[in-house]
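Chain by chain, the residues:
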Amino acid sequence: MASSSQIPLAHLPPAFKEIVENVFNRWTALLLAVEHGMGGPLGLNTAIEMINYITCYCTDNKKVDAYDLRDVMEEIMDQKFETICEYESIDEISDILIKYLNLLKENKEDQVPAELTRMGPCEIWIRSSNRIKMQMMDDINGTEDEDLDDQDMDIKPAPATRSAGMNPSPSTERSTTEFHEENVDPGWTQVRGRRRR
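This text gives an overview of the structure that appears in the document. (Residues numbered from 1 in each chain as written. Predicted model: local features only at pLDDT ≥ 70, side-chain atom pairs only at ≥ 80, totals over all residues. Heavy atoms only, no water.)

Time to look at a negative patch on the surface. A contiguous patch of negative charge on the surface is contributed by Glu 74, Glu 75, Asp 78 and Glu 82. Tracing the backbone shows Glu 75 in helix H4 (residues 66-81). Taking the relative accessible area as the measure of exposure, Glu 75 reaches 47% and is therefore partly exposed. (Patch = residues over 30% accessible without salt bridge, like charges linked within 9 Å, V, L, I, M, F, W, Y side chains within 5 Å. Areas by Shrake-Rupley, 256 points an atom, 1.4 Å probe, with all protein chains shown as cover. Salt bridge = Lys/Arg side-chain N within 4 Å of Asp/Glu carboxyl O. Lys, Arg positive; Asp, Glu negative; His and termini not counted. Charge placed at Lys NZ, Arg CZ, Asp CG, Glu CD. Helix = DSSP H or I, 4+ residues; strand = E, 2+ residues; numbered from the N terminus. Buried < 20%, exposed > 50% of the residue type's maximum accessible area, 1.4 Å probe, protein only.)

Printed below as a string of structure tokens:
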């Protein structure tokens, strides 16, 4: 039987999601993965989905520890962002999230803002409401594809990323990519790209 001092389970996911969002805004490895396109052109959306998934994973399971959470986050970073985090950042994030999850479960929600304030201010670059929308264009005539009305796809830049001060990349206009096949092993073919200007 649940203790009367524990927080109602219905209130746990929204409260914990705010915490996950706050902690992920401080996670440099995730920011760099999104900024460098490791999650593809919609990497911000993938980061938002990761927040939602981690929130559900932690609140839907009765017993979650930092080791389980670390494994889940490592797998997501590897599969969705092609990133392996070093310097134990995932361990640190997992420990922080479990600490806040336990505070909420023990009905100590009033301690959470003070704990978050102790971490100091951070730049809010990821919010669940900041999804990137992409506008699909017809390849032949450059008009919107009317068959995709149910998909809201209008590209908007990710807010508050640090790439504004970076130098633009060299133009690749008029460049071509030529592929060469090389036999590496019987049954295997290696394809290498070479860019020509």
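Resuming the write-up.
Phi at Glu 82 is positive, roughly 50°, even though this residue is not glycine. Structurally, the position occupied by Glu 82 is in the loop between H4 and helix H5 (89-105). With a relative accessible area of 60%, Glu 82 lands in the exposed category. Backbone geometry at Asn 107 places phi at a positive 60°, although glycine is not the residue there. Counting through the fold element by element, Asn 107 comes out in the loop between H5 and helix H6 (112-118).

Here we come to the environment of Glu 86. Within the secondary structure, Glu 86 sits in the loop between H4 and H5. Placed 57 residues apart in sequence, Glu 86 and Ala 29 show a C-alpha to C-alpha distance of 8.8 Å.

Another aspect to go through is the nonpolar core. In terms of nonpolar packing, the biggest core is built from 41 residues, with Phe 24, Leu 30, Met 50, Ile 54, Met 73 and Leu 97 touching the most fellow members. Secondary structure elements with two or more residues in this core: helix H1 (12-25), helix H2 (28-35), helix H3 (43-60), H4, H5 and H6. The element that contributes the greatest number of residues to this core is H5, accounting for nine residues. In contact with Met 50, other than residues within four places in its own chain, are Phe 24, Trp 27, Leu 30, Met 73, Ile 76, Met 77 and Phe 81. (Core = buried A, V, L, I, M, F, W, Y, C linked by side-chain atoms within 4.5 Å. Contact = heavy atoms within 4.5 Å.)

This part covers the pattern of salt bridges. In this structure the tally under the stated criterion is five salt bridges. In this structure, Arg 118 engages Glu 115 in a salt bridge whose closest nitrogen and oxygen atoms are separated by 3.2 Å. Here Glu 115 and Arg 118 lie together in helix H6, a separation of three residues that amounts to about one turn. With a relative accessible area of 64%, Arg 118 lands in the exposed category. Taking the relative accessible area as the measure of exposure, Glu 115 reaches 16% and is therefore buried. Where salt bridges share partners, they join Arg 70, Asp 71 and Asp 91 into one cluster.

What follows deals with the packing of aromatic side chains. One pass over the structure, following the stated rule, counts two aromatic pairs. With centroids separated by 5.4 Å and ring planes inclined at 65°, the aromatic side chains of Phe 24 and Trp 27 adopt a geometry described as edge-to-face. Judged on exposure class, the residue Phe 24 and its partner Trp 27 are both buried. (Phe/Tyr/Trp six-rings, centres within 6.5 Å; stacked < 30°, edge-to-face > 60°.)

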